[in-house]
Amino acid sequence: MLWIHQTIIGWALILAAISLNRMGPAFKRSKFSSPILLLGLSIILLIQGPGDNTGSCLEEFCTLETYLEFQNFIISSSIWISLALLGIMLIIYGSEWYSKSNPIALIFAWLLIFYSWWTVINIDFYHEILEQPNYLFNYFFFALGILISLFILIGVVRWTEINTPRDPIIDEMDEREKRIVTEIIRRNIRGDD
Amino acid sequence: MAYTDDNSILPQSDLILQSILIGMCFIGLWFFIHLLVTWNKYHRPIPPILVSLFLFLSPLLVVDYSDLTQDSINIHFTIYLNLGLVMFLSLSPIFLALLTFQAIRLSINRKSDDPLIEMLND
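Keep in mind it's a predicted model, so treat the numbers as computed, not measured.

Here is what the cut-offs are and how they apply
Residue positions are given per chain, counted from 1 along the sequence in the order it is written. All chains are assigned letters beginning with A, and all ligands numbers beginning with 1, in the order in which they are written. Per-residue local features are limited, in this predicted model, to residues with pLDDT of at least 70; the limit for side-chain atom pairs, both in listing and counting, is 80 or more; totals at the level of whole chains, interfaces and linings are taken over all residues. Hydrogens and water molecules were not included; the side-chain quantities draw on all heavy atoms of the structure. Throughout this description, the term salt bridge denotes a Lys or Arg side-chain nitrogen within 4 Å of a carboxyl oxygen of Asp or Glu. Exposure classes here rest on a 1.4 Å probe applied to the protein chains alone. A residue is buried below 20% of its type maximum, exposed above 50%, and partly exposed in between. Numbering goes from the N terminus for both helices and strands, where a helix is a DSSP run of H or I of at least four residues and a strand is a run of E of at least two. Think of a polar contact as two N or O atoms within 3.5 Å of one another; within protein, one of them needs to be a possible hydrogen donor and the other a possible acceptor, and neighboring residues in sequence only count if both atoms come from side chains. Here, residues are in contact when the closest pair of their heavy atoms is within 4.5 Å. Defined here as a combined quantity, buried area equals the accessible surface (1.4 Å probe) lost by two parts on assembly, summed across both. Residues are sorted three ways: Asp, Glu, Lys and Arg are charged, Ala, Val, Leu, Ile, Met, Phe, Trp, Tyr, Cys and Pro are nonpolar, and all the rest, Gly among them, are polar. Orientation is described by axes fitted as lines to C-alpha atoms, over the contacting stretch for helices, and by angles from 0 to 180 degrees between their N-to-C directions. Our angle categories are set so that under 35 degrees counts as roughly parallel, over 145 as roughly antiparallel, 65 to 115 as roughly perpendicular, and the remainder as oblique. The hand of a helix crossing depends on one turn: near helix anticlockwise from the far one by less than a right angle means left-handed, and clockwise means right-handed.

Trainee: I'd like to hear about the pattern of salt bridges, residue by residue, with values.
Mentor: Residue and element names in this part refer to chain A. The tally for this structure, following the rule as stated, stands at 3 salt bridges over all chains. Lys-178 is the salt-bridge partner of Glu-172, the closest N and O atoms lying 3.6 Å from each other. Taking the relative accessible area as the measure of exposure, Glu-172 reaches 68% and is therefore exposed. The exposure class assigned to Lys-178 is partly exposed, which follows from its relative accessible area of 31%. Here the residues in one salt-bridge network are Glu-183, Arg-186 and Arg-187, joined through shared partners.

Trainee: Outline the side chain of Ser90(B), supporting the account with residue identities and numerical values.
Mentor: Inspection of the secondary structure assignment puts Ser90(B) in helix α4 (residues 70–91). Polar side-chain contacts of Ser90(B) include one of 2.5 Å to the backbone oxygen of Val86(B). Other than its neighbours up to four places away in sequence, Ser90(B) contacts Phe73(A), Phe125(A), Tyr126(A), Ile129(A) and Tyr139(A).

Trainee: So what's going on with the interface of chain A and chain B? Residues and values would help.
Mentor: Every contact between the two is made by 68 residues of chain A and, on the other side, 64 residues of chain B. Buried surface at the junction of chain A and chain B, both sides included, amounts to about 6,200 Å², of which 79% is carbon and sulfur. At the junction of chain A and chain B, the tally comes to 0 salt bridges. Where chain A touches chain B, the interface holds 10 residue pairs in polar contact (both at pLDDT 80 or more). At the level of secondary structure, the elements contributing two or more residues to the side of chain A that touches chain B comprise α1 (3–21), α3 (64–94), α4 (103–121), α5 (124–131), α6 (133–162) and α7 (175–190) of chain A. The element best represented in the side of chain A that touches chain B is α6(A), accounting for 18 residues. Taken together, the residues of the side of chain A that touches chain B sort by class into 47 nonpolar, 16 polar and 5 charged.

Trainee: Requested: an account of the packing of α1(A) against helix α1 (residues 15–37) of chain B, with residues and values cited.
Mentor: Where α1(A) contacts α1(B), the axes come no closer than 9 Å and their chain directions differ by 50°. Classified by the angle their axes make, α1(A) and α1(B) are oblique. Crossing angle aside, the handedness with which α1(A) passes α1(B) is right-handed. Facing α1(A), whose interface residues are Trp11(A), Ala12(A), Leu15(A), Ala16(A), Ser19(A) and Leu20(A), α1(B) presents Phe26(B), Leu29(B), Trp30(B), Ile33(B), His34(B) and Val37(B). Of the residues contributing to the contact of α1(A) with α1(B), the split by class is 10 nonpolar, 2 polar and no charged.

The values are spatial; any link to function lies outside them.
So, in structure tokens, the structure goes:
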């Protein structure tokens, strides 16, 4: 197995972990998502060396130089993504929106986000891209490919939903039922007895 | 990790087509894994799965097989996915910019009164 295969296996596990994490109610997410995410990240970050790829890989892609460039980019990206996610979680925790304001958490969060930006700016690969405008051309069409795919997939999902047999329409709630539902919401929001 | 005419992995194809196909292949894999992992009895995932498989395998539709062995096709395909990952990560600072914008909003704005509580009081 080459390192390019290892990366894709790791990426597939990360995608699976993210999808698993979105399953189920918000208060009871899948317990398998975190271990799978860690396994996927480990597989990507600890990619093996290029090894002897003679005869089994394209010369232009499986060289030591490409491997090191790839590894450097993946590690830098993992660092800034982790810092940014930690920063935004701290901002949510420290802001007034979901609990009482916590200025220390906010300051620490903004330091993390600034450091995340600093890491992005210092990634060599971006300098390389900006020096060669034709790379940007490739990125534009890559994004176009993503948009075309999303357009097709959204269309298929809509088509599937439209063609799914629907449940019969139930009658509207009467006044008594409306009062009960209102009371349940009131008690849950206010914590009344 | 960038690719040019010199190291084109799809014979007889141009870079525009390759870039589009890498994007389609990348999203096809993502969607395919998502549908498999989130499979449950309330889903009807067969049509989206078939389409995501088609998108995932779309680069194979334009490969010139004449000079390629099975092993070589496998390598080409894996390199495609790696290029997709690198290009996606390269574009991800756009998401960081959006996150930063939201972080500024969260840090500056105050929470508005809960409209549901207001409605209940009325």
